[in-house]
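Fold and contact review
Listed here are the chains, written in short residue letters.
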Amino acid sequence: MDKIVIQGGLPLKGRIKISGSKNAALPLMAASLLTDSKLILSHVPSLMDIQTMMRLLKVLGIHSSMMFGRLALQAKGRRGHEAPYDIVRKMRASILVLGPLLAKLGKARVSLPGGCAIGARPINLHLKALEAMGAKIKLEEGYVNAVCPRLKGARIVFDDVTVTGTENIMMAAVLAKGRTILENAALEPEVTDLADLLNHMGAKIAGVGTSTIEIEGVDDLGGASHTVIPDRIEAGTFMIAAAMTRGDVILEGLNPSHVDALTQKLRDAGATIESNGSRLRLIGPREIKPVDVKTAPFPGFATDFQAQFTALMSVANGQSTITETIFENRFMHVPELNRMGAQLEVKGNMVVIKGVERLQSAPIMASDLRASASLVLAGLVAKGVTDIHRVYHIDRGYESIEKKLRRLGAKVKRAKVRY
Ligand code: EPZ
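Residues numbered from 1 in each chain as written. Predicted model: local features only at pLDDT ≥ 70, side-chain atom pairs only at ≥ 80, totals over all residues. Heavy atoms only, no water.

Considering the packing of helix H8 (residues 232-244) against helix H10 (residues 306-313)
Using the following cut-off: Interaxial angles span 0 to 180 degrees and are taken between N-to-C directions of axes, which are lines fitted to C-alpha atoms, for helices over the stretch in contact. What counts as a helix is a DSSP run of H or I of at least four residues, what counts as a strand is a run of E of at least two, and both are numbered from the N terminus. When describing relative orientation, an angle under 35 degrees is termed roughly parallel and one over 145 degrees roughly antiparallel, while 65 to 115 degrees is termed roughly perpendicular and anything else oblique. Any two residues having at least one pair of non-hydrogen atoms within 4.5 Å are treated as being in contact. Classification used: nonpolar for Ala, Val, Leu, Ile, Met, Phe, Trp, Tyr, Cys and Pro, charged for Asp, Glu, Lys and Arg, polar for all others including Gly.
For the pair H8 and H10, interaxial distance at closest approach is 10 Å and the crossing angle is 5°. The orientation of H8 with respect to H10, classified from their angle, is roughly parallel. Along the contact surface, H8 presents Ile233, Thr237, Ile240, Ala243 and Met244, while H10 presents Gln308, Phe309, Ala311 and Leu312. For the contact of H8 with H10, the residue count by class is 7 nonpolar, 2 polar and no charged.

Some words on the pattern of salt bridges
The test is simple: By definition here, a salt bridge exists when the distance from a side-chain nitrogen of Lys or Arg to a carboxyl oxygen of Asp or Glu is within 4 Å. Whether a residue is buried, partly exposed or exposed follows from its accessible area with a 1.4 Å probe, protein chains only, as a fraction of its type maximum: under 20%, in between, or over 50%, in that order.
Inspection of every chain in the model, using the stated rule, returns 23 salt bridges. Linking Asp36 and Arg79 is a salt bridge whose minimum nitrogen-to-oxygen distance equals 3.1 Å. Of this pair, Asp36 sits in the loop between helix H1 (22-30) and strand E3 (39-42) while Arg79 sits in the loop between strand E5 (70-75) and strand E6 (82-83), and the two are 43 residues apart along the sequence. Of the residues examined, Asp36 reaches a relative accessible area of 47% and is grouped as partly exposed. Here Arg79 falls in the buried class, since its relative accessible area comes to 17%. Here Glu336 ties to Arg339 by a salt bridge, and the two come within 3.7 Å at their closest N and O atoms. A residue pair is termed a helical-turn pair when its members lie 3 or 4 positions apart in one helix, as Glu336 and Arg339 do in helix H11 (residues 333-339) at 3 residues. Glu336 sits in the buried class, given a relative accessible area of 15%. It is possible to trace a salt-bridge network through shared partners that takes in Asp2, Asp395, Glu402, Arg414 and Lys416.

A look at the site of the ligand
To keep things clear, this is the line we draw: For this purpose, a residue is taken to be near a molecule or strand whenever a single non-hydrogen atom of the residue falls within 4 Å of it. Identification of polar contacts relies on pairs of N or O atoms within 3.5 Å, with a donor-acceptor requirement for protein atoms, meaning one able to donate a hydrogen and the other able to accept it, and with residues adjacent in sequence counted only if both atoms are side-chain atoms. Surface accessibility follows the Shrake-Rupley procedure with a 1.4 Å probe radius. Residue values consider only the protein chains on display as shielding. For every domain, the bounds stem from an assignment made automatically or drawn from a database.
Taken together, 20 residues sit near the ligand, with Asn124, Thr162, Thr164, Asp304 and Ile326 positioned nearest. Between Asp304 and the ligand, the recorded distance is 2.6 Å, taken from a side-chain N or O atom to an oxygen atom. When the ligand is considered free in solution it has 830 Å² of accessible area, and contact with the protein chains removes 87% of it. Only H1, helix H5 (124-132), helix H6 (163-173) and helix H12 (369-381) provide two or more residues apiece to the shell around the ligand. Considering only residue class, the shell around the ligand consists of 9 nonpolar, 6 polar and 5 charged. Among the domains, domain 1 (2-18 + 230-416) and domain 2 (22-227) are the pair contributing at least three residues each to the shell around the ligand.

Notes on the packing of aromatic side chains
As a reminder, the rule being used: In summary, the pairing rule links any two rings of Phe, Tyr or Trp, Trp by its six-membered ring, whose centres are within 6.5 Å, and it sorts them by plane angle into stacked for under 30 degrees, edge-to-face for over 60 and tilted for everything else. Put simply, a charge is over a ring when the Lys NZ or the Arg CZ is close to the ring centre, within 6 Å, and near the line of the ring normal, within 35 degrees.
Within the structure shown, the criterion is met by 2 aromatic pairs. A ring pair is formed by Phe301 and Phe305, whose centres lie 6.2 Å apart and whose planes are at 70°; its orientation type is edge-to-face. Here Phe305 falls in the buried class, since its relative accessible area comes to 3%. Aromatic pair Phe301 and Phe309: ring centres 5.4 Å apart, planes at 80°, arrangement edge-to-face. Overall, Phe301 belongs to the buried group, its relative accessible area being 5%. Cluster of aromatic residues (ring-pair linked, three or more members): Phe301, Phe305 and Phe309. Against the face of Tyr143 rests Arg109, its NZ or CZ located 3.9 Å from the ring centre.

Comments concerning the sheet that holds strand E14 (residues 224-227)
Here is the rule we go by: By the convention used here, strands pair only if DSSP detects at least 2 bridges between them.
Read from one edge of the open sheet, 4 strands run E4-E5-E3-E14, paired in mixed fashion. The open sheet has two edge strands, strand E4 (62-67) and E14, and neither has a second partner. Neighbour-to-neighbour, the strand axes of this sheet turn through a mean angle of 15°, independent of strand direction. Pairing geometry for E4 and E5, over 6 bridges, is antiparallel. Counted as the bridge partner of Ser64 is Leu73 from E5. The strands touched by H1 within the sheet are E3, E5 and E14, with E3 carrying the most contacts at an inclination of about 175°. In the packing of helix H2 (residues 48-59) onto the sheet, the strands contacted are E4 and E5, and the crossing angle to E4 comes to about 150°.

Right, dumping it as structure tokens:
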């Protein structure tokens, strides 16, 4: 088990390159199940979740090899249709193999992902949509057992906006018989990136980037080469870090339009932000102004920025509120930040923040991916040295975070812990 050790108080200065998006790469990898041809994905981040998906795809008959961010995937030999519990429990995004398995093989046995630190994370909307397309689904022994010789197109209205739900059903529909219409579909850039790949493979998807997506089923799909979009959550996390440390950071290789809502809120907090093409510069404010935030599906303020923005507001000059509307338990970072001297109070789905002058270092523990990021940000500004335990959460979603922070002048290192 590792911990990250951070000496607080240094402004981040310099430039960093944004990695490929974890939440785009995972569904793109699952799309390899839809074809017998080769898929080449470039700009794939080197993360634990990517390794986990490679392991899962291998069990399903897709062999993959990764070199310098270039991932080649190809079906070889017998295909499997079962996604086992011991892999799925490590990564909920494994549920993304359900749609493509059903579409390609007509059957799938996928372990139920179960909940996680931020909420129950049900998949009822995924299953309801597949049943509308003709799948027979039974939940037995903790597994989803789904069968359908050939899915048929249907009109599906999602009760809630669901990112992986939209991705799963889009992948099920591309090989279905007839037309599928998805209403109230997710608008996240990762959904658009998946649709772009599927269309390059020969799918017929229209309306991408809107809440109504139309998919004309085809009989088979070919291979393709595709570059993964930049990780907007990594980019936003570093933007908040630059603002919080009153630094001056240039981010390269991001898509500024993917972080518009966050950019607006950081400007309201006093940051100076200029962007052109795939470059964005953020100069942190001398005084951080309090700003109220409410999370929402894209293009609203992303829930994946909520914990990090809470850390920023904990050292703002005044009171603010942050309302979490997507997940029911995404405040695991709050007690840890309070141990560092923050004054945060959770009231239902809102956290009320009284900004303090400075946080104090303390040994703290990461609980989930984005909460861990918020603790790293807090460590960057806290007085003294902060130890953050259970950093494996961070490694799931941030490529070499301490290397990137060191490049920006932070005093941060990883250390082994013998528990
Ligand atoms: C995706 O999760 C992301 N993960 C999450 O990022 C992100 O926080 C989330 O979207 C919201 O933007 C990946 O893309 C791999 P949802 P997902 O289905 O698809 C409810 C990270 O930090 N819901 O959009 O699982 C659900 O409980 C991760 O990288 C149902 O009720 O989220 C939640 O309240 C964390 N039934 C809301 O919808 C369903 O069948 C949105 O969930 C599906 C979802």
